[in-house]
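Observations on chain architecture
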Amino acid sequence: MECISKRSLEHCTCTYAACDKRGSCCKCVVYHREKGEIPGCFFSPEGERTYDRSIASLILDRSC
Ligand code: SF4
């Protein structure tokens, strides 16, 4: 099965440029799921830039 991480990078909305998981959605999801968090692409652009990936932060972000 082909890895599509290069294509995924084109639509990744995470602005944390230093992260080695950018574009590798499978790694990103596992990383944040194990921490009880949500990947950055679920947040609004403003919410994403807080780098707070907690569920509480997502609820606040999406209820504004
Ligand atoms: S959401 Fe988290 S794991 Fe995913 S690319 Fe951004 S900083 Fe990395």
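Sequence positions are assigned chain by chain, starting from 1 and proceeding in written order. For this predicted model, a pLDDT threshold of at least 70 governs which residues receive local features, and a threshold of 80 or more governs which side-chain atom pairs are given and counted, while totals over whole chains, interfaces and linings are taken from all residues. Note that water and hydrogens are dropped before the side-chain values are worked out from all heavy atoms of the structure.

**So, the overall build of the chain**
When helices and strands are tallied, the chain shows 4 helices and 0 strands. The numbering of helices and of strands both runs from the N terminus, where a helix is a DSSP run of H or I of at least 4 residues and a strand a run of E of at least 2. Reading the chain from its N terminus to its C terminus gives the helix and strand order α-α-α-α. Here the globule rule is a power law, 2.2 Å times the number of residues to the power 0.38, and the radius of gyration is based on C-alpha atoms. Relative to the 2.2 N^0.38 estimate, which gives 11 Å for 64 residues, the radius of gyration of the chain is 12 Å and therefore close to what a compact globule would have. Overall, the chain is about 40 × 25 × 20 Å in size when its C-alpha atoms are taken along their principal axes. Across the 64 residues in the chain, those meeting the buried criterion constitute 27%. For the chain, the proportion of contacts with a sequence separation of at least 24, taken over those separated by at least 6, is 20%. Surface exposure here means Shrake-Rupley accessible area, sampled with a 1.4 Å probe, where a residue is shielded only by the protein chains that are shown. Accessible surface, the chain: about 4800 Å² in total, of which carbon and sulfur atoms supply 61%. As used throughout, the charge tally considers Lys and Arg to be positive and Asp and Glu to be negative, leaving His and the chain termini uncounted. Here the site of a charge means NZ on Lys, CZ on Arg, CG on Asp, or CD on Glu. Across the chain, 10 positive and 9 negative side-chain charges occur, with their mean positions spaced 4 Å apart. Burial classes: relative accessible area under 20% of the type maximum marks a residue as buried, over 50% as exposed, and values in between as partly exposed (1.4 Å probe, protein chains only). By definition in these notes, contact holds between two residues if any of their heavy atoms fall within 4.5 Å.

**Considering the environment of Cys 3**
Considering the arrangement of structural elements, one finds Cys 3 in the segment before helix 1 (5-11). On the basis of relative accessibility, which here comes to 61%, the residue Cys 3 falls in the exposed class. Residues Cys 3 and Ser 24 lie 21 residues apart in sequence; the distance between their C-alpha atoms is 8.7 Å.

**Focus: the side chain of Glu 48**
Note that Glu 48 resides in helix 3 (residues 45-48). Aside from chain neighbours lying at most four places away, what touches Glu 48 is Thr 13, Cys 14, Thr 15, Tyr 16, Gly 40, Phe 43 and Arg 53.

**Here's the deal with the pattern of salt bridges**
Here a salt bridge means any side-chain nitrogen of Lys or Arg lying within 4 Å of a carboxyl oxygen belonging to Asp or Glu. Overall, the coordinates contain 4 salt bridges when judged by the stated rule. As a salt-bridge pair, Arg 53 and Glu 48 come within 2.9 Å of each other at their nearest N and O atoms. The two residues Arg 53 and Glu 48 agree in class, both being buried. Ionic pairing is found between Asp 61 and Arg 62, a salt bridge with its closest N-O pair at 4.0 Å. Residue Arg 62 is classed as exposed on the basis of its relative accessible area of 51%.

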